[in-house]
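Inside the fold
As a plain string of letters, each chain reads:
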Amino acid sequence: MGTRASILILLLLLLENCRCWDESTLRRPPSTGDGLCAQILRPLGYPCEEHTVQTKDGFILSVQHIPHGRGGLKGSVESGPPVFLQHGLFQGGDTWFVNSVEESLGFILADHGFDVWVGNVRGTHWSPGHVKFSVHAKEFWDWSWEQLAEYDLTAMISYVYSVTHSKVFFIGHSQGTIMALSAFTMPDAVEMIEAAALLCPISYLDHITSRFVLRAVSLHLDQLLITLGLHQLNFRSDTGIQILDSLCDGHMDCNNLLASITGVNCCFNMTRMDYYLEYEPHPSSTKNLNHLFQMIRKGTFARFDYGWWGNLKRYGHIHPPAFNLADIPESLPLWMAYGGNDALADPIDVKRIIKGLKSEPVLLYNDSYGHIDFIMSVNAKDDVYANLIRFFQSYRWLSSY
Ligand SMILES: *[C@@H]1O[C@H](CO)[C@@H](O)[C@H](O)[C@H]1NC(C)=O
Ligand SMILES: *[C@@H]1O[C@H](CO)[C@@H](O)[C@H](O)[C@H]1NC(C)=O
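Sequence order sets the numbering: in each chain, residues are counted from 1 along the sequence as written. Throughout, the order in which chains and ligands are written sets their labels, letters from A for the former and numbers from 1 for the latter. Owing to the predicted nature of the model, reporting of local features is limited to residues with pLDDT of at least 70; listing and counting of side-chain atom pairs is limited to 80 or more, with chain, interface and lining totals taken over all residues. Excluding hydrogens and water, the side-chain figures rest on all heavy atoms present in the structure.

Digging into the confidence of the model for the protein chain
Summarising the model, the protein chain shows a mean pLDDT of 90, and 89% of its residues fall at 70 or more. Within the model, the stretch residues 13–20 combines pLDDT values under 50 with 18 contacts to residues more than four positions away or in other chains. Confidence of the predictor in every single residue is expressed as pLDDT, which spans 0 to 100. It only takes one pair of heavy atoms within 4.5 Å for two residues to be counted as in contact.

Side note on the site of ligand 2
Only heavy atoms are used to decide nearness, and a residue is near a molecule or strand if one of them lies within 4 Å of it. Taken together, Cys267, Asn366, Ser368, Tyr369, Asn379 and Asp383 make up the full set of residues adjacent to ligand 2. Polar contact is defined as a pair of N or O atoms within 3.5 Å, subject to the rule that within protein one atom must be able to donate a hydrogen and the other to accept it, and that residues adjacent in sequence are counted only when both atoms are side-chain atoms. Taking Asn379, its side chain carries an N or O atom lying 2.9 Å from an oxygen atom of ligand 2. All accessible-area figures derive from a Shrake-Rupley calculation using a 1.4 Å probe, and residue coverage is judged against the displayed protein chains alone. When the free accessible area of ligand 2 is taken as 360 Å², the share hidden by the protein chains comes to 48%. For this classification, Asp, Glu, Lys and Arg are treated as charged, while Ala, Val, Leu, Ile, Met, Phe, Trp, Tyr, Cys and Pro are nonpolar and the rest, including Gly, are polar. Its residues assigned to classes, the shell around ligand 2 comprises two nonpolar, three polar and one charged.

A word on the nonpolar core
Ranked by internal contacts, the top residues of the largest apolar core, which has 115 residues, are Phe170, Ile171, Leu199 and Phe392. Numbering of helices and strands runs from the N terminus; a helix is a DSSP stretch of H or I covering at least four residues, while a strand is a stretch of E covering at least two. Ranked by the residues each element gives to this core, the list is headed by helix 5 (residues 145–164), at eight residues. Filtering out sequence-adjacent residues up to four positions away, Phe392 remains in contact with Val83, Phe114, Phe169, Phe170, Ile171, Ala195, Ala196 and Ala197. In these notes, a set of buried Ala, Val, Leu, Ile, Met, Phe, Trp, Tyr and Cys residues joined through side-chain atoms within 4.5 Å is what counts as a nonpolar core. When accessible area is computed with a 1.4 Å probe and restricted to protein chains, residues below 20% of their type maximum are described as buried, those above 50% as exposed, and intermediate ones as partly exposed.

Some thoughts on the side chain of Asn120
Counting through the fold element by element, Asn120 comes out in the loop between strand 4 (115–118) and strand 5 (129–130). In this structure Asn120 comes out as buried when scored by relative accessible area, which is 0%. Of note is the side chain of Asn120, whose polar atom sits 2.8 Å from the backbone nitrogen of Gly93. Leaving out residues up to four positions away in the same chain, Asn120 has contacts with Leu61, Ser62, Val63, Gln64, His87, Gly92, Gly93, Trp126, Ser127 and Met156.

Focus on the UniProt feature "active site" (unreviewed entry) in the protein chain
UniProt positions are given in the numbering used here, feature names are shortened, and annotations may be inferred rather than shown by experiment. Residues annotated by UniProt as "active site" (unreviewed entry) correspond here to Ser174, Asp342 and His371. What stands out for the annotated residues spanning 198 residues is how close their C-alpha atoms remain, the widest pair being 10.7 Å apart. Note that Ser174 resides in the loop between strand 6 (168–173) and helix 6 (175–183). On the basis of relative accessible area, Ser174 is assigned to the buried category, the value being 9%. Residues contacting Ser174, with those up to four places away along its chain left out, are Gly88, Leu199, Cys200, Ile202 and His371. Mapping Asp342 onto the fold places it in the loop between strand 10 (334–339) and helix 15 (347–356). Ignoring any residue separated from it by four or fewer positions in sequence, one finds Asp342 in contact with Cys200, Thr209, Thr262, Tyr369, Gly370 and His371.

Thoughts on the state of the cysteines
Only a pair of cysteine sulfur atoms within 2.5 Å qualifies as a disulfide here. In the structure shown here, the tally under the stated rule is two disulfides. There is a disulfide in this structure between Cys37 and Cys48, and the S-S distance comes to 2.0 Å. Torsion about the S-S bond of the Cys37 and Cys48 cystine: about -65 degrees, corresponding to left-handed handedness. Residue Cys37 is found in helix 3 (residues 36–41), and its partner Cys48 is found in the loop between helix 3 and strand 1 (49–54); the two are separated by 11 residues along the sequence. Here Cys37 matches Cys48 in class, with each residue buried.

Structural notes on the packing of aromatic side chains
Working definition: rings of Phe, Tyr and Trp (its six-membered ring) pair if their centres are within 6.5 Å, and the pair is stacked with planes under 30 degrees apart, edge-to-face with planes over 60 apart, and tilted otherwise. If you walk through the whole model with that rule in mind, you get 26 aromatic pairs. When the centroid spacing of 6.1 Å and the interplanar angle of 80 degrees are considered together, the rings of Phe114 and Phe169 count as edge-to-face. Here the residue Phe114 occupies a position in the loop between helix 4 (105–111) and strand 4, and Phe169 occupies one in strand 6, the gap between them amounting to 55 residues. With a relative accessible area of 0%, Phe169 lands in the buried category. Aromatic side chains Trp126 and Tyr279 sit 6.3 Å apart centroid to centroid with 25 degrees between the ring planes, which places their arrangement in the stacked category. Note that Trp126 is positioned in the loop between strand 4 and strand 5 and Tyr279 in helix 12 (residues 273–279), a separation of 153 residues in sequence. Tyr279 gets classed as buried once you look at its relative accessible area, which sits at 2%.

A word on helix 14 (residues 307–315)
Helical geometry note: an α-helix holds 3.6 residues per turn, so side chains three or four residues apart project in the same direction. Every buried residue of helix 14 is accounted for by Gly310, Asn311 and Tyr315. Along the axis of helix 14, the buried positions cluster into a sector of 100 degrees, meaning they face one direction only. Those residues of helix 14 that are exposed and aimed more than 90 degrees away from the buried face are Trp308, Trp309 and Lys313. Here the buried face of helix 14 lies against helix 5. Just downstream of helix 14, Gly316 is the residue with a positive phi angle, here 80 degrees. Within this analysis, the arc is defined by the directions that extend from the helix axis to the C-beta atoms.

Have a look at this one:
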């Protein structure tokens, strides 16, 4: 550990160091005490239950259920059609509820008569449990988005499907869409889905323009962290904050670090930053970062690359098997929204997804939207969500709305 610490210190000294934000906000522990329902939803007048789902590989995930909106159930409807929300990287289920009730997609769906279910992947502040390993164990962090798709997403959707006895509408953002697109290439998951809406869809990452991410890729941050034995990537920890500081070199607009990472967001509420930082960012695994960086370096949508010998042992081939978007059934209705200022889900990469699909997804493009706008824009209710809800309603008419 002594050597690791000194390598890290050396690395940090080599990198240009600048302070971009008020670290004390990040250093505070996240507000997660009694769960997401108690923290955000019930205080705002929404019914909310905490559920627990165990994955086949032993992770214990929390899933929130908001059975209806503030107005109660409408008319004779027992409950609306279920919709499952899957957050992105370094985020958690709170993502869908951190703006006002009029602006946040989770609240809007509940108030439109949907039966809302919220996913939280392994390792987030809301899902820190495993039957055998503690969050401090190396084994707890031995996964990437591939396992989030195969185990977490499948377990959570199956749970909602079996409790509601109904096909489920799916909404994912960013990493939530990689999970979905890879899971949907397998027949088991698709059978449970009524229709899917993908915000900032990602399968290919080689046209990414995020200066922050490209810098991390060129510095081989992923491999470096693995060498240092850091398996958990937590930007609220001392090491995490040092990493952020080091990547933020003098050429970047440090006052707008978020833009350096995600692209310029047209309609992000900066004055609400402290509130967002009460919940986010959430931890993820270094192996996940490594897998995403492999995609950026190679332009593939494939399983984790263990090197030719590791691949041969694991997959029987020297290259990791690719996911084939054409395996997603044409019968699955898809809706996709993407933005001209998104530095992570670049329009060129999004178009490559569309080309690879058998079906023709319904598209929504906004030139001025960045990566975070799709979940946090103060105008998203008009720019994006109205269209998304109409798309879902065209597949199942909500009688009382
Ligand atoms: C932005 O956030 C502030 C602080 O939470 C809030 O008072 C304001 O209403 C928000 N603005 C919009 C347009 O939502
Ligand atoms: C894109 O978003 C901007 C900012 O909210 C909005 O003014 C504009 O109408 C949107 N464009 C479309 C085509 O929806």
